[in-house]
Amino acid sequence: VRSTSEIPAWQWFILSAAGPLVLCARRLGADLWYDEVYTLHNFIAKPFWEIATDYSAPNNHVGYSLLMRLYVLVLEPFLPAHAIEAVLRFPSFCFAAGTLVLVFCVARRLAGLEAAVIATLMLGLSQMYLNFAVGLRGYGLSMLLAIWLCHLALTSSSARRGLRFGLIVFLGAGFA
């Protein structure tokens, strides 16, 4: 039996994120909720300029809606009718997975491996995360951008200061 210090960090991440990611994946094919349908029809289905200038309802997470519009335009000819919910929610699933990776990295940097495992599990198994991380709304992207900003703030390097500043401004603008 190996001690915890002999197990690589990536294996600890897999152990802590596997359950939450399986639970999120189970939601991919579920019927769309009313607010997801509203977002799809009133924002994502509109032209880019209309998405960027319409904030008539909080359902329009502008950055997310613009990304999803591009995603839908590229995939539209290939969208299978029997799995449209899963295909539409897949980007949010990727954002959710990225969020867990960065939470693990930030917590590990700040407080060590045990804290990283606990933080990943606590976020990944929280009811709010499980309900909204994989929805057809901008919550998953917002979580990813927020933790990415934290990660960038912790990994400062004078050699990459300009790039880091640009990324922080870009990611901060993504919250609009």
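So, here is what we can say about the structure in this document. The shown structure was predicted, so the numbers you read here are calculated from the model rather than taken from an experiment.

## As for helix 2 (residues 34-44)
At step 1: Every buried residue of helix 2 is accounted for by E36, T39, L40, F43 and I44. Along the axis of helix 2, the buried residues cluster in a sector spanning 115°; they form a single face. For helix 2, exposure combined with an orientation more than 90 degrees from the buried face picks out Y34 and H41.
At step 2: On its buried face, helix 2 is in contact with helix 1 (9-27), helix 3 (48-53), helix 4 (62-75) and helix 5 (84-111).

## Focus on the packing of aromatic side chains
At step 1: The final tally for this structure, using the stated rule, is six aromatic pairs.
At step 2: On the numbers, 5.5 Å between centres and 75° between planes, the contact of F13 with F104 is edge-to-face. Taken as a pair, F13 in helix 1 and F104 in helix 5 lie far apart in primary sequence, 91 residues in all. Of the two residues, F13 and F104, neither departs from the other in class, the shared state being buried.
At step 3: Residues W33 and F132 carry aromatic rings whose centres are separated by 6.1 Å and whose planes lie at 85° to one another, so their mutual orientation is edge-to-face. Highlighted residues: W33 in the loop between helix 1 and helix 2 and F132 in helix 7 (residues 127-132), separated in sequence by 99 residues.

## Points about the nonpolar core
At step 1: By size, the foremost hydrophobic cluster in this structure holds 21 residues, and its most contacted members are F104 and Y129.
At step 2: Residue assignment for this core shows that the elements contributing at least two residues are helix 1, helix 5, helix 6 (113-124) and helix 7.
At step 3: Other than its neighbours up to four places away in sequence, Y129 contacts C24, A96, A97, L100, L123, G124 and M143.
At step 4: Y64, F95, V106 and L141 belong to the second largest nonpolar core, which has 15 residues in total.

What counts and how
Residues numbered from 1 in each chain as written. Predicted model: local features only at pLDDT ≥ 70, side-chain atom pairs only at ≥ 80, totals over all residues. Heavy atoms only, no water. Buried < 20%, exposed > 50% of the residue type's maximum accessible area, 1.4 Å probe, protein only. Helix = DSSP H or I, 4+ residues; strand = E, 2+ residues; numbered from the N terminus. Arc of directions from axis to C-beta. Contact = heavy atoms within 4.5 Å. Phe/Tyr/Trp six-rings, centres within 6.5 Å; stacked < 30°, edge-to-face > 60°. Core = buried A, V, L, I, M, F, W, Y, C linked by side-chain atoms within 4.5 Å.

Without other data, these values stay purely geometric and don't point to any function.
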